[in-house]
Amino acid sequence: MIRRAPGLAVWAAALVAAGCLPGRLWREARPPAFPSRALAPTALALLLLAGATLLLVRLRGPRLAGGILAVLEAPPDLVWALLLLALWPAGAGPPGGGAGLLAFLLAALPGELRWLASTLPPERPFPEAWGPGAVRAARGRALRRLAPWWLAARLPVWLTASLVIERALGLPGLGSDWMARVALRDHRGLAAWIGALALLWLLARPLEGRAASP
Amino acid sequence: MPRALLSLGLAAASLLPCAPRALAQAPDPPAARWVEEAFQSDPGPLDFVRGDGEEQFIAQALTGDALVGLSPEGRPVPRLAASWREVNGGLDLVLRADARFADGSPVSAADVAWTFRAIEGDPQASATKRAALGDTAARGEGLRVELRGSRPPERLLRELWRVPIAKAGQPGMGSGPFLLQRDGAAWTFTARPGHFLHPALPGLRFRLLPDEAARLVALQKGWLTLGAPPPRPGLAPPPGMVPLVQPTLAQVLLFAGPGAGPGALPAFARWRRDAFPPRLLGELYSPAAGLWPAALGFRAREPDATGAPCPRVLELAYTAGDGALERALQALAARAARDGVTLRLRPLEAGLFLEKLLKGQLALGAITNVFDPHPWSVLGFVERNGDLNVTGWRDPAAEALLPRLADPASPAWDTLQALWARHPAALPILDVHSHLWIDRRLQVQPSALGLYLPTPGAAGWRWRE
């Protein structure tokens, strides 16, 4: 518990900030209802992101940290969302949840692949010199240690970071909800959000502990 | 690796067919064609007592009925009330017998009284509605309703459109021409066939599109039946759509705080005449004149010359993120520079901007305000707790005039404006217009209140054959 005290203090400060967020509205509007419909698609998107990242890093290893992914990582979410919107055929109607998922993966996957691949230990000259079997075994062991850290550190970020894609494609989700509560100065709603994120952080601590133990 | 990527792509592509069915209906006969629209922000839960804000009021206008509506020309017209008469201290109204709530129950005087009481008694009730009703109380029985309070009857009659009636005890249920349902990410408003306004459309479907660029793409691809394009010069509507410009009662107001000095607003009154190149303002803005909106019957009067010089350096704060307003203010700053005044523009987040303005921490602040379509709406500037009296403006002579403003034609209005002109706290710099692109097949009635808020509003829209 003592080791978690600094982190808990940060979350407590965030809660206080949510309660004291300055500013007033010209016309007080009621905050939107929580978009519970967006929970399942968000969970699916995060699962796909986590699964695809782990699978591709397992297959390609540290080589993924450079090359074309560095270029694909650069464009911000808005570019991917607007590109998809521009290419979407007019006759198909406005893009739906599937397009949102595609834009999300296009925006998030290159960066996450590079993030995870760059943290893998180098494979040259060893274990590469010992053959593909040794490489696979070493990579698997490293990923088993790294994956919990990565999941705990990165995936919560993506819970609300899809805001830009949601706004561009007209698919309200968790990011839009968070932003609307900030704009409307919904102190209670923001406190609930921060409480939920803090809980997620607390639940992720044992994962990191397991990853760190020999 | 390529195979893995291909599998991932195929998995994602398999989800694509769940896109909404917007344009699948394009070839449908007019009677079956829905109107596709976009909200710029989430309207929040439908609530006829606590709900406030532009999007919420659109939802309420579609799903609720006020006692008295305003026609597109701004005249009071029957809505829930079939008739009314002005009496000493208020209005006596008779409700329509055929008005029904969404659950089929008839609208009665008890519902009107409950709605008025809830707005007065709920501390979280809409401030706009509370301001519209003032101290008006409702009572009655069956279909007869009595409204009593200190408001002049004519003013009350023009304020009632703001207050759709909710079913007693159910603030989310109205009696309007459309029924709201959430359908995935969309808000669908389905026409109620038996409604007394006889809506001709099957319904309207709203998506949430806060992003300006995304709204433009949606308009250009025909995914929206109508919508506001970004205010960029030279932008033309796509084939099948026509531009629609509506004069509104909205103005960009410049509030002068204690730091501005008495010479600032008279200087801005001079600069606003020639600061804005027409091409820069486009269809959205035009330079304002006078102190109070001419559309409300006020003659254009400039602030009185004070003899005080304008400060050489001024800071003007505004809400960040409004590109069109920012360009206009930059033009104003360039004009001020020609007179040797440095105008520093300071964008602020909306909530922080208003807090600083209300605390008197801003020398100058620009804000867009929509006036109600009657002269009493300018009283917000001069009344002690008026919604536009953000700087605590006071004048004992003006307070003495307030009881003499029951008649919109009273000469006391001119006297009041003359008092305001001596030391105004705000100056309009731009008139705001509503600029839309609209499907050329859709027949609507433009109005200063917009397309949705007048009576019959969207219930009066028709598809051309």
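Residues numbered from 1 in each chain as written. Chains lettered and ligands numbered in written order. Predicted model: local features only at pLDDT ≥ 70, side-chain atom pairs only at ≥ 80, totals over all residues.

Trainee: Looking at this model, I keep getting lost on the overall build of chain A. Mind explaining?
Mentor: The helix and strand tally for chain A stands at 9 helices and 0 strands. Ordered by position from the N terminus, the helices and strands of chain A form the series α-α-α-α-α-α-α-α-α. Here the C-alpha coordinates of chain A stretch approximately 70 × 55 × 25 Å along the principal axes. Sequence separation of at least 24 residues holds for 77% of the intrachain contacts in chain A that already meet a minimum separation of 6. (Helix = DSSP H or I, 4+ residues; strand = E, 2+ residues; numbered from the N terminus. Contact = placed C-beta atoms within 7 Å.)

Trainee: Hey, could you run me through the environment of Phe-371 of chain B in this one?
Mentor: All names here are of chain B. Looking at the secondary structure, you find Phe-371 in the loop between strand S16 (364–370) and helix H11 (379–382). Sequence separation between Phe-371 and Ala-288 is 83 residues; the distance between their C-alpha atoms is 14 Å. In contact with Phe-371, not counting residues within four places along its chain, are Leu-249, Pro-293, Leu-296, Ser-377 and Val-378.

Trainee: Just to check I follow, could you spell out the pairing of strand S5 (residues 90–95) of chain B for this structure?
Mentor: Within a regular beta strand, the side chains point alternately toward one face of the sheet and then the other, so they alternate between its two faces. Residue and element names in this part refer to chain B. Across 6 bridges, strand S4 (residues 81–87) lies against S5 in antiparallel orientation. Looking across to S5, one finds that Trp-84 is bridged to Leu-93. Linking S4 back to S5 in an antiparallel pair, the connection comprises 2 residues, with Gly-89 at a positive phi of about 90°. Both S5 and strand S7 (residues 144–148) contribute to a ladder of 5 bridges, which runs antiparallel. (Pairing = 2+ DSSP bridges.)

Trainee: Sorry, what's going on with the interface of chain B and chain A here?
Mentor: By a frequent convention, interface size equals the accessible area lost on bringing the separate parts together. Taken together, the contact pairs 44 residues of chain B with 42 residues of chain A. Elements supplying a minimum of two residues to the side of chain B that touches chain A: helix H1 (2–13), helix H4 (127–133), strand S10 (203–208), helix H6 (212–220) and helix H10 (350–358) of chain B. A total of 5 residues in the side of chain B that touches chain A trace back to one element, the largest contributor, which is H10 of chain B. Counted by class, the side of chain B that touches chain A contains 26 nonpolar, 8 polar and 10 charged residues. (Nonpolar A, V, L, I, M, F, W, Y, C, P; charged D, E, K, R; others polar.)

Trainee: It is not clear to me how the sheet that holds S5 of chain B should be interpreted in this structure. Could you clarify?
Mentor: In any sheet, the strands associate via hydrogen bonds between backbone groups, in a parallel or an antiparallel arrangement. Residues and elements named next belong to chain B. Spatially, S4-S5-S7-S6 is the arrangement adopted by the 4 strands of the open sheet, whose pairing is antiparallel. Edge strands, defined here as strands with exactly one partner in the open sheet, are S4 and strand S6 (137–141). Across the sheet, the mean angle from the axis of one strand to that of its neighbour is 20°, orientation sign disregarded. On top of the sheet, helix H3 (residues 109–121) reaches S5, S6 and S7; it is set at about 165° to S6, its chief contact. (Axes fitted to C-alpha atoms, helices over the stretch in contact; angles between N-to-C directions.)

Trainee: Would you explain H6 of chain B in this entry?
Mentor: Every α-helix carries 3.6 residues per turn, so stepping three or four residues along brings you back to the same face. Restricting attention to buried positions, one finds in H6 of chain B the residues Ala-214, Arg-215, Leu-216, Ala-218 and Leu-219 of chain B. Looking at the buried residues of H6 of chain B, the elements they touch are helix H4 (77–87) and helix H7 (163–169) of chain A together with strand S1 (35–39), strand S11 (226–227), strand S12 (241–256) and strand S17 (426–439) of chain B. Looking at the residues trailing H6 of chain B, positive phi occurs at Gly-222 of chain B, about 80°. (Buried ≥ 20, exposed ≤ 12 C-beta atoms within 10 Å, placed from the backbone.)

Trainee: Hey, could you run me through the sheet that holds S1 of chain B in this one?
Mentor: Residues and elements named next belong to chain B. Pairing is mixed across the open sheet formed by 4 strands, whose spatial order is S1-S10-S9-S8. In this open sheet, the two edge strands, each paired with only one partner strand, are S1 and strand S8 (178–183). For this sheet the average axis-to-axis angle between neighbouring strands, irrespective of direction, equals 25°. Here S8 runs beside strand S9 (residues 186–191); their pairing, made up of 6 bridges, is antiparallel. Within S9, the residue paired with Leu-179 across the bridge is Thr-190. Set on the sheet, helix H2 (residues 54–63) makes contact with S1, S8, S9 and S10; between it and S8 the angle comes to about 130°.

Trainee: When you look at the packing of helix H5 (residues 97–118) of chain A against helix H6 (residues 132–160) of chain A in this model, what are you seeing that I'm missing?
Mentor: Any two packed helices are characterised by the angle at which their axes cross and by the distance between the axes. All names here are of chain A. Viewed as axis vectors pointing N to C, H5 and H6 meet at an angle of 150°, and their least axial separation amounts to 11 Å. Looking at the two axes, H5 sits roughly antiparallel to H6. Considering the relative orientation of H5 and H6, their crossing is right-handed. Along its contact with H5, which presents Ala-108, Glu-112, Trp-115 and Leu-116, the element H6 presents Leu-146, Trp-150, Arg-154 and Trp-158. Looking at the contact of H5 with H6 residue by residue, the class counts come to 6 nonpolar, no polar and 2 charged. (Parallel < 35°, antiparallel > 145°, perpendicular 65-115°, else oblique. Left-handed = near helix turned anticlockwise from the far one by under 90°.)

Trainee: Looking at this structure, I do not really get the environment of Ser-108 of chain B. What am I missing?
Mentor: Residues and elements named next belong to chain B. Turning to its location among the elements, Ser-108 is positioned in the loop between S5 and H3. For Ser-108, a count of 21 C-beta atoms within 10 Å translates into the label buried. As a C-alpha pair, Ser-108 and Ala-132 span 24 residues in sequence and 21 Å in three-dimensional space. Excluding residues within four positions of it along the chain, Ser-108 makes contact with Gly-142 and Leu-143.

Trainee: I tried to follow the nonpolar core on my own but got confused; where do I start?
Mentor: For soluble globular proteins, the rule of thumb is that nonpolar side chains tend to be buried together. Membership of the largest hydrophobic core comes to 163 residues, with the highest contact counts inside it found for Leu-254, Phe-255 and Leu-364 of chain B. Residue contributions to this core peak at 11 residues, all from H5 of chain A. Contacts of Leu-254 of chain B, omitting those with residues within four sequence positions, involve Phe-268, Leu-364, Ala-366, Ala-426, Leu-427 and Ile-429 of chain B. (Core = buried A, V, L, I, M, F, W, Y, C linked by C-beta atoms within 7 Å.)

Trainee: Before we go on, may I ask you to explain the packing of H4 of chain A against H5 of chain A in this structure?
Mentor: Residue and element names in this part refer to chain A. Contact geometry for H4 and H5: axes closest at 9 Å, N-to-C directions at 140°. In terms of orientation, H4 lies oblique with respect to H5. By crossing handedness, the relation of H4 to H5 is classed as right-handed. Side by side, H4 and H5 meet where Asp-77, Trp-80, Ala-81 and Leu-84 of the first sit next to Ala-99, Leu-102, Ala-103, Leu-106 and Ala-107 of the second. When grouped by side-chain class, the residues that make up the contact of H4 with H5 number 8 nonpolar, no polar and 1 charged.

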